Amino acid sequence: MCGIVGLFLKDRTLSARLGELLTPMLASMSDRGPDSAGFAVYGEGRAGVVRITLQSATGGEPAFELVLEGLTAALETHVQELIRANHCVLTLPASAREAALAWLARSAPHLHVTGVGQRIEIYKDVGLPTEVAARFELSTMRGTHAIGHTRMATESAVTTSGAHPFSTGMDQCLVHNGSLSNHNSLRRTLVHDGFAFDTENDSEVAAAYLTWRMRQGLDLGGALEAALDDLDGFYTFVVGTESGFGVLRDPIACKPAVMAETDDYVAFGSEYRALVDLPDIGTARVWEPEPAKAYFWTHAR
């Protein structure tokens with residue numbers, strides 16, 4: 001099962017409503033994925049600044065405060081924090097990113113890094129999608145594009161780390177409905193090239209594959225097209241990058257998908273009901289994405 005939603009705002013004046021619009025989309029997919037949910041939001045970034053989203057399995061504000069004190073002292077630089085339930089977004093100079101990640105891995109292994117980038121914030125947890133959205137105050141979030149996922153775990157345990165989205169590169173993330181048959185062989189190739197994996201989920205491998213291809217010089221569209229040759233299985237992907245939003249279905253396209261586009265936005269849902277509350281949906285161009293065709297939209301950098 002699993003449910004996917006995505007919203008790419010072509011009209012940036014709607015950015016204040018991104019979370020408000022995505023919340024009912026995510027909620028509508030609850031029966032497709034009732035055990036956990038997550039979403040990635042792309043807010044307005046600042047040059048020279050990076051965001052690191054952390055998730056704690058055990059603590060909230062007190063635990064994060066201790067980590068912030070230690071990290072600030074270690075880096076000798078100012079670090080801002082935004083705490084939402086059991087997640088915390090650190091904002092720090094981009095030049096300190098590698099040192100910060102190394103310190104967190106060494107000194108705070110109980111915290112999980114869910115996303116890193118100039119614009120991305122990733123929140124995910126177990127529970128009904130409506131509860132997860134409320135927990136992190138999704139309806140209040142601003143940005144230019146976002147993707148979300150509701151999970152029905154059929155091949156692994158119900159855990160926060162197994163929830164989507166998966167992020168394996170700067171400002172990159174992926175949500176997935178389906179199953180890959182060759183993810184173990186791909187995992188070995190990617191590990192050889194320096195990727196590390198936190199879960200056994202095949203979706204994390206798909207995310208890392210796209211990051212790998214983009215590091216080789218492909219843009220998002222090119223990476224999605226390469227996936228058609230390299231990934232075996234049945235899948236629908238929705239992918240986010242710093243400036244873009246992409247969709248890909250496998251050549252058989254057995255997983256449901258529908259899209260809508262107006263002058264103001266592009267939207268994706270596993271089912272049409274995810275789109276019904278969007279503005280002007282009655283006059284939108286609505287279609288089912290074709291099999292083996294990569295779709296992508298980008299904002300000017």
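Residues numbered from 1 in each chain as written. Predicted model: local features only at pLDDT ≥ 70, side-chain atom pairs only at ≥ 80, totals over all residues. Heavy atoms only, no water.

Q: Whenever I open this one, the sheet that holds strand E15 (residues 285-287) confuses me. Can you help?
A: With antiparallel pairing, the seven strands of this open sheet are ordered in space as E7-E2-E8-E1-E14-E13-E15. Of all strands in the sheet, those bounded by a partner on one side alone are strand E7 (120-126) and E15. Here the strands of the sheet are splayed against their neighbours by 10 degrees on average, with no regard to which way each runs. Looking at chain direction, strand E13 (residues 258-261) and E15 are connected through three bridges and run antiparallel. If you follow Ala 260 over to E15, its bridge partner there is Val 286. This element, helix H1 (residues 18-28), spans strand E1 (3-9), strand E2 (36-42), strand E8 (145-151) and strand E14 (265-269) of the sheet and lies at about 160 degrees to E1. (Pairing = 2+ DSSP bridges. Helix = DSSP H or I, 4+ residues; strand = E, 2+ residues; numbered from the N terminus. Axes fitted to C-alpha atoms, helices over the stretch in contact; angles between N-to-C directions. Contact = heavy atoms within 4.5 Å.)

Q: I keep staring at the domain arrangement of the chain and nothing clicks. Help me out?
A: Much of the literature gives interface size as the accessible area that the parts lose upon coming together. For the chain, the assigned domains are domain 1 (3-44 + 127-298) and domain 2 (46-118). Contacts between the two partners involve 13 residues from domain 1 and, on the opposite side, 15 residues from domain 2. Taken together, the two surfaces of domain 1 and domain 2 that pack against each other cover about 1000 Å², and 53% of this comes from carbon and sulfur. At the junction of domain 1 and domain 2, the tally comes to one salt bridge. A salt bridge links Glu 137 to Arg 84, with the nearest nitrogen and oxygen atoms 3.4 Å apart. Here domain 1 and domain 2 share five residue pairs in polar contact (both at pLDDT 80 or more) between them. (Domains from an automatic or database assignment. Buried area = accessible area lost by both parts, 1.4 Å probe. Salt bridge = Lys/Arg side-chain N within 4 Å of Asp/Glu carboxyl O. Polar contact = N/O pair within 3.5 Å; in protein donor to acceptor, adjacent residues only side chain to side chain.)

Q: Is there a simple way to explain the sheet that holds strand E11 (residues 233-240) in this structure?
A: Taken together, five strands build an open sheet; the order of strands is E9-E10-E11-E12-E16 and the sheet is antiparallel. Two strands bound the open sheet, and with one partner strand each, they are strand E9 (166-169) and strand E16 (295-298). With strand direction ignored, the average angle separating the axes of adjacent strands in the sheet is 20 degrees. Sheet strands in contact with helix H6 (residues 202-215) are E9, strand E10 (172-180) and E11, and its direction is about 130 degrees off that of E10.

Q: For this particular structure, what's the right way to read the state of the cysteines?
A: Here, disulfide denotes a covalent bond that connects the sulfur atoms of two cysteines. On inspection of all chains with the given rule, the structure shows zero disulfides. Here Cys 2 is not cross-linked by a disulfide; its sulfur's nearest cysteine counterpart is in Cys 254, at 13 Å. According to the relative accessible area criterion, Cys 2 is buried, its value standing at 10%. (Disulfide = S-S within 2.5 Å. Buried < 20%, exposed > 50% of the residue type's maximum accessible area, 1.4 Å probe, protein only.)

Q: Explain helix H2 (residues 61-75) here, please?
A: Residue pairs spaced three or four apart in an α-helix point in one direction, given the helix's 3.6 residues per turn. Under the 1.5 Å per step criterion, the end-to-end length of H2 is 21 Å for 15 residues, consistent within 8% with the ideal 21 Å. Taken residue by residue, H2 has Phe 64, Val 67, Leu 68, Leu 71 and Leu 75 as its buried positions. Take H2 and look down its axis: the buried residues cluster within an arc of 105 degrees, on one side only. Opposite the packed face of H2, turned more than 90 degrees from it, sit the exposed residues Pro 62, Leu 66, Glu 69 and Ala 73. Next to the buried residues of H2 lie strand E3 (49-56), strand E4 (80-84), strand E5 (87-93), helix H3 (97-107) and strand E6 (111-117). (Expected span 1.5 Å × (residues − 1). Arc of directions from axis to C-beta.)

Q: I would appreciate a short explanation of the packing of helix H5 (residues 183-192) against H6 in the present structure.
A: Helix-helix packing is characterised by the crossing angle of the two axes and by the distance between the axes. Look at H5 against H6: their axes get within 10 Å of each other, and the N-to-C directions meet at 45 degrees. In terms of orientation, H5 and H6 fall into the oblique class. Crossing handedness for the pair H5 and H6: left-handed. Here His 183, Leu 186, Arg 187, Thr 189 and Leu 190 of H5 come into contact with H6, specifically with Asp 202, Val 205, Ala 208, Tyr 209 and Trp 212. (Parallel < 35°, antiparallel > 145°, perpendicular 65-115°, else oblique. Left-handed = near helix turned anticlockwise from the far one by under 90°.)

Q: When you look at unusual backbone geometry in this model, what are you seeing that I'm missing?
A: Note: most peptide bonds trans; most residues except glycine with negative phi. Cis peptide bonds are those with omega within 30 degrees of zero, and the linkage from His 164 to Pro 165 qualifies with 5 degrees. Inspection of the secondary structure assignment puts Pro 165 in the loop between E8 and E9. The residue Asp 280 is not glycine, and still its phi comes out positive at about 55 degrees. The topology assignment puts Asp 280 in the loop between E14 and E15.

Q: What am I meant to see in the environment of Met 170 here?
A: Position of Met 170 among the secondary structure elements: in the loop between E9 and E10. Using a relative accessible area of 38% as the deciding quantity, one classes Met 170 as partly exposed. Taking the C-alpha atoms as reference points, Met 170 and Ala 37, separated by 133 residues in sequence, lie 21 Å from one another.

Q: Mind showing me how you'd approach H6 here?
A: The terminal C-alpha atoms of H6, which comprises 14 residues, lie 20 Å apart, in line with the 20 Å expected from a rise of 1.5 Å per residue. Phi turns positive, to about 110 degrees, at Gly 217, one or two residues after H6.

Q: When you look at the pairing of E10 in this model, what are you seeing that I'm missing?
A: Both faces of the sheet carry side chains from a regular strand, because those side chains alternate between them. In terms of burial, E10 is a largely internal element, eight of the nine residues being buried. As defined by bridge partners, E9 adjoins E10 across two bridges and the pair is classed as antiparallel. When the sheet's bridge partners are listed, Gly 169 is paired in E10 with Gln 172. Linking E9 back to E10 in an antiparallel pair, the connection comprises two residues, with Asp 171 at a positive phi of about 60 degrees. Of the pairings in the sheet, the one linking E10 to E11 comprises eight bridges and is antiparallel in character. For Leu 180, the partnering residue across the bridge sits in E11 and is Gly 233.

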